[in-house]
Amino acid sequence: MSDTSLSSETDQQRVMANAIRVLSMDGVQQANSGHPGMPMGMADVSTVLFSKFMQFDPAWPAWPNRDRFVLSAGHGSMLLYSLLYLTGYENPTIEDIKNFRQLHSPTAGHPEFGECPGIETTTGPLGQGLATSVGMAIAERLSNNEYGDELINHFTYVLVGDGCLMEGVSQEAISLAGHLKLSKMIVLWDDNSISIDGSTDLSTSEDMQGRFEAAGWHVQSVDGHDAEAIEVAIRLAQESDQPSMVACRTTIGFGAPNKQGTSATHGAPLGDDEIAAAREFLEWPHAPFEIPEDILNDWRAVGAAGAPKSAVWKDKFGALDQFVKEDFERRQNKDLPASFETTINDYKAKLVADPVKVATRKASQMALEVINGAVPETIGGSADLTGSNLTKTSQTEGITADDFSGRYMYYGIREFEMCAAMNGMALYGNHIPYGGTFLVFTDYARPAIRLAALMGQRSIFVMTHDSIGLGEDGPTHQPVEHLASLRAMPNLNVFRPCDAVETAECWALSLQAKDTPSVHALTRQGLKQQRLTHTEENLCAKGGYILHEASAEPKVVLIATGSEVELAAEAREELEAAGIPTRVVSMPSTDLFDAQDVAYKRSVLPAKVLKASIEAGATFGWERYTGIDGVNIGMDTFGASAPASDLYKHFGITTDALVAAVKEKL
């Protein structure tokens, strides 16, 4: 290639990058809110990535073999919106760009999954885009192992900022990706040395490249405004047999002559005067939001280049065995195998015929043994608690750097990363991830659980050791407020089943909930099976139901979950013997119960009847079901270290305490 052609191409790249810069600064200025600095600084890198490397098709945003691009530094959302508009996605339109950060506009302050095609995951909470991307890269390797290079073989690109890499979850993500040698994952670090407070040397002095190298990554550094150097670096990253990080040294707010390189460009509009100066500096005489036709055509050609590639892929897919095609499409549609409900009902019937007394964590493993044999796309795992969470079954061999044929992830002590990676797998579309730790450690994982709920992803969080019933490990490990806290989260199903039958039903509900994540709160201690009559109806689907009916019109309704249902059943026997007709309601999911119509809820919890709740967790919230004159037995302090039976007595969560409280109220 001649020097003249190189110069011409470099000029074209620069002008295309400037289109990103002006859209970003104009959008933020019009909204009077946002972050123009990062989009302006990383415009050159993004232009090279999309025009030279990214495999995507705006006309088919869900093309399964597309490269994934994740903007982990989600505050720079105008970078992504500009790229999507310029390359020809249906949304955002130029009007959407003008309505950045406005009500009902798809161009939200931070990228939100589902608002615009091409947004692969919701980002904004720093570090989570990187952490989620590890799950996408794992899913790509799992899918590649199953379907081969012809069907699945692509890259996952992640743009991160200094803030992403300061967040603790980034170390979990970097470590796991390096351990698994996720060579199809490429991180582009916006190395601009600026955060909101000012220079990053105010708060950090670590060797970031050394940190990645120590975790087993291929590392390069490059001038983030040198298109040729960026292209060489990405190409070398693609050729590496390790995950790659390219440190792109950039100037934040590049193009704003008086503010570039300072925190003034990070999180505030540039202002009219600086935007005018930037237009002059960038030699961009056009009006706000105006992209000249020739520049827009260059960008649209970048987008159109993906159509022939996706068409070739579609032909290859069409030539596959019919069963393989149907199974692939079933997974992409989030459908379960046609035999799933029959399989679950057969298993429930078996449990009724031969009742078991097991901890619900063991009941979960028993259910998973059935499920994993019937649903081939489940991917299990645990944060170094496999033997405690009981998340591994006979079908789930371990996934390693050298073998992605397995179905079980050893996440290590990385609860946050585990849950974020599960979200990445769920977003990828070919798998249903579940992973376990102790319920108390949802504190470590909560941000990822929240994003799963916000994005409507079918991630299933298996949280065992769900109360003081775990015993001697003491209050540091005994969840108290966690159930109430998780139940407060929108679009999250929290299940606390009471026996093996309910556990199977709750697993079925989690798998059938295409757009809702689930938490399973499971016991360490063994529980007597309560469900002894088979029904093909999933009783847990209504959240709460009459488990044991009163002998006559009930005077008392006992509401319980999980391990305390057994206590409520025993209390019912004593109260019935005392001439007090008593109903027991099992409520494995307050979320699903709340979603029922008023008539059903009143039929289960009659208005003018004493209601008492018992749960080995915070009593907070139970007054919604018992009323302020009802009885609420539970935990209003932290726990203690002792055998479980002693703890239940010490904290007054017993059959005797429940009976006494009811009699006192009556």
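Please refer to the structure higher up on the page.
Structure report, in brief. (Residues numbered from 1 in each chain as written. Predicted model: local features only at pLDDT ≥ 70, side-chain atom pairs only at ≥ 80, totals over all residues. Heavy atoms only, no water.)

**Thoughts on the sheet that holds strand β19 (residues 610–618)**
Strands pair in a sheet through their backbones, by hydrogen bonds, and they do so in one of two ways: parallel or antiparallel. Filter applied, for reference: DSSP-based pairing: two strands are paired if at least 2 bridges between them are found. Helix and strand labels come from DSSP, where a helix needs a run of H or I of at least four residues and a strand needs a run of E of at least two; each type is numbered from the N terminus. Note on geometry: axes are lines fitted to C-alpha atoms, helical ones only across the stretch in contact, with angles between N-to-C directions running from 0 to 180 degrees.
Read across the open sheet, the five strands follow the order β16-β18-β17-β19-β20; overall the sheet is mixed. The two strands at the open ends of the sheet, each matched to only one other strand, are β16 (545–548) and β20 (631–635). Pairwise comparison of adjacent strand axes, ignoring direction, gives a mean angle of 25° for this sheet.

**Considerations on empty space enclosed by the protein**
Here is the rule: The pocket and cavity definitions rest on a 1 Å grid over protein atoms only: a 1.4 Å probe that fits but cannot leave marks a cavity, an open set with protein on both sides within 12 Å along at least five of seven lines marks a pocket, and residues lining either have an atom within 4 Å of a point. Grid points are joined across faces, edges and corners, and a volume is the space filled by probe spheres set on the points. Throughout, the ten residues Ala, Val, Leu, Ile, Met, Phe, Trp, Tyr, Cys and Pro are labelled nonpolar, Asp, Glu, Lys and Arg are labelled charged, and all others, Gly among them, are labelled polar.
Taken as a whole and assessed by the stated rule, the structure comprises three cavities of 30 Å³ or more. Within this model, the largest cavity holds a volume of roughly 90 Å³. Looking at the lining of the largest cavity residue by residue, the class counts come to eight nonpolar, one polar and three charged. By volume, the second largest cavity amounts to about 70 Å³. In terms of lining residues, the second largest cavity is bounded by R331, K334, E377, A426, G429, N430, H431, I432 and R458. Each residue belonging to the lining of the second largest cavity can be placed in one class, and the counts come to two nonpolar, three polar and four charged.

**Considering the sheet that holds strand β1 (residues 68–71)**
The condition that has to hold: The contact rule is simple, with two residues in contact once any of their heavy atoms fall within 4.5 Å.
Spatially, five strands are ordered β1-β2-β3-β7-β6 in an open sheet, and the strand pairing comes out parallel. Each edge of the open sheet carries a strand with a single partner, namely β1 and β6 (218–223). Shown here is a sheet whose adjacent strand axes are inclined to one another by a mean of 20°, direction ignored. Sheet topology places strand β2 (residues 156–160) next to strand β3 (residues 185–191); five bridges connect them, and they run parallel. Across the sheet, V160 pairs through a bridge with W189, a residue of β3. Packed on one face of the sheet, helix α3 (residues 43–53) meets β1, β2, β3 and β7 (244–249) and runs near 170° to β2. Sitting on the sheet, helix α6 (residues 128–147) is in contact with β1, β2 and β3, with an inclination near 175° to β2.

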